Amino acid sequence: IMGALPFFHSFGFTGTLCLPLATGVGVVFHPNPLEARAIGPLIGRYAVTLLLATPTFLQNYARRCSAEDFGSVRFVMAGAEKLPERIAQEFEDHFGIRPREGYGCTECSPVVAVNTRDFRAAGFRQVGGKRGKIGHPLPGVSVRVVDPDTMAPMAVGEPGLLLVKGPNVMAGYLGMPAKTAEVIREGWYVTGDIAAEDEDGFLTITDRLSRFSKIGGEMVPHIRVEETLHELAGVTEQTFAVAGVPDARKGERLVVLHTLSDAALREVLEKLPQAGLPNLWVPRPDAFFRVETLPYLGTGKLDLKKVRETAIALTGTPTNS
């Protein structure tokens, strides 16, 4: 093995097995990205320069790996789920390097957009990344932000359904023409994510369309509620998970799973009315349910299906209401 080796996780990043072969670079793999105490020494031993990981894994490394282990790392890319500011800041405080956020999906082979380093030349500077954004689309990749109901383009800065078009978009699901027709419309792949594009072309992912609750006719984003709760609790690790359950009067209502103690939850509930959320977005105090652990998938993402199933079970909500 010669020189500094890029390091890729094989979990949650389709195509990373092919990328080193295509570009002729070395690569270090570990079978379990959750084993931080094994991964830290590997990074140090092989002078790894590039790390790809999910936010959950980055938080794990910040808490269990030494700063010295990551001394060779020059570029950290987070994907697979939204990178919360609290996790990015914790990682930067510990290792001295700011994770950059990217975005993609399996159907797009898999990368759509990334934040990069700034480009500088004599008398010129092009910003390559912005905090809280997922970056610019890759060369040759086009995106649209449209109204989920009418498919009409949204104005700059207005959130809507993200569509992707380009040579990276799949032809379809094998042997599943009906499913393909649901997500490929006139060559555009319907991601199911809600995004906004700013005046500089940088994209922000607000949430999955499935992670909104329609309450009294208004779309309420679960992730915004979760972020507010984490800020009020003063925690960096995932402590809250919001789900929508059926409600006979308003269509849906919010339920919050959490891992706080009773005393810590009371402090959060006392601050919640002054947190600046619209009234419709504020979960009721009796909508908070403590669980021993939040459910996760093998990729490190929250298991949103299990979160919702648990919320329905704990509230005794009929699924056909």
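Residues numbered from 1 in each chain as written. Predicted model: local features only at pLDDT ≥ 70, side-chain atom pairs only at ≥ 80, totals over all residues. Heavy atoms only, no water.

Caption draft 1: Seen up close, unusual backbone geometry. Cis geometry is found at the peptide bond from Ser-109 to Pro-110, where omega equals -15 degrees. Inspection of the secondary structure puts Pro-110 in the loop between strand E3 (100–104) and strand E4 (111–114). Unlike most non-glycine residues, Met-151 shows phi in positive territory, near 65 degrees. Along the chain, Met-151 falls in the loop between strand E8 (142–146) and strand E9 (160–165). Assessed through its relative accessible area of 27%, Met-151 is described here as partly exposed. (Helix = DSSP H or I, 4+ residues; strand = E, 2+ residues; numbered from the N terminus. Buried < 20%, exposed > 50% of the residue type's maximum accessible area, 1.4 Å probe, protein only.)

Caption draft 2: Just the packing of aromatic side chains, in detail. Under the definition given, this model contains 5 aromatic pairs. On the basis of an interplanar angle of 45 degrees and a centroid distance of 6.2 Å, the ring pair of Tyr-61 and Phe-70 is categorised as tilted. Of the residues examined, Tyr-61 reaches a relative accessible area of 0% and is grouped as buried. The exposure class assigned to Phe-70 is buried, which follows from its relative accessible area of 3%. Residues Phe-70 and Phe-91 carry aromatic rings whose centres are separated by 6.0 Å and whose planes lie at 75 degrees to one another, so their mutual orientation is edge-to-face. Taken together, the residues span a long stretch of sequence, with Phe-70 in the loop between helix H3 (55–64) and strand E2 (75–78) and Phe-91 in helix H4 (residues 85–95) at a distance of 21 residues. For the pair formed by Phe-70 and Phe-91, the shared burial category is buried. The rings of Tyr-61, Phe-70, Phe-91 and Phe-95 are connected pair by pair, giving a single aromatic cluster. (Phe/Tyr/Trp six-rings, centres within 6.5 Å; stacked < 30°, edge-to-face > 60°.)

Caption draft 3: View of the sheet that holds strand E16 (residues 251–258). Strands sit in the order E15-E16-E17 across an open sheet of 3 strands; the sheet is mixed. Only two strands of the sheet have a single partner each, and these edge strands are strand E15 (240–247) and strand E17 (288–290). On average, each strand axis in the sheet is inclined to that of its neighbour by 30 degrees, with strand direction left out of account. Pairing geometry for E15 and E16, over 8 bridges, is antiparallel. Bridge assignment links Ala-243 to a residue of E16, and that residue is Val-255. Packing against the sheet, helix H6 (residues 222–233) makes contact with E15, E16 and E17, and its axis sits at approximately 135 degrees to E15. Sheet strands touched by helix H8 (residues 304–315): E15, E16 and E17. Its angle to E15, the strand with the most contacts, is close to 60 degrees. (Pairing = 2+ DSSP bridges. Axes fitted to C-alpha atoms, helices over the stretch in contact; angles between N-to-C directions. Contact = heavy atoms within 4.5 Å.)

Caption draft 4: Highlighting the pairing of E15. Most of E15 is tucked away, with 8 of its 8 residues classed as buried. Hairpin remark: E15 followed by E16, antiparallel, with 3 residues in the connecting loop.

Caption draft 5: Looking closely at the confidence of the model for the chain. The predicted model of the chain has a mean per-residue pLDDT of 89, with 93% of residues at 70 or higher. The least confident element of the chain, judged by mean pLDDT, is helix H1 (residues 18–23) at 67; the most confident is E17 at 98. Note that pLDDT drops below 50 for residues 1–16; the model gives that stretch 57 contacts with residues more than four away or on any other chain. (pLDDT = per-residue confidence, 0-100.)

Caption draft 6: Molecular detail of the sheet that holds E2. If you walk across this open sheet you meet the 5 strands as E1-E2-E3-E4-E7, and the pairing is mixed. In this open sheet, the two strands that pair with only one neighbour each are strand E1 (50–53) and strand E7 (136–137). Where E3 lies against E4, 3 bridges are found, and the strand directions are antiparallel. Across the sheet, the residue bridging to Gly-102 is Val-114, located in E4. Contacting E1 and E2, H3 runs over the sheet at an angle of about 120 degrees to E1.

Caption draft 7: Just H6, in detail. In this model, H6 (12 residues) spans 17 Å end to end at C-alpha, consistent with the 16 Å of a helix rising 1.5 Å per residue. Listed in full, the buried residues belonging to H6 are His-222, Ile-223, Val-225, Glu-226, Thr-228, Leu-229, His-230 and Leu-232. Immediately downstream of H6, the backbone of Gly-234 shows phi near 70 degrees, a positive value. (Expected span 1.5 Å × (residues − 1).)

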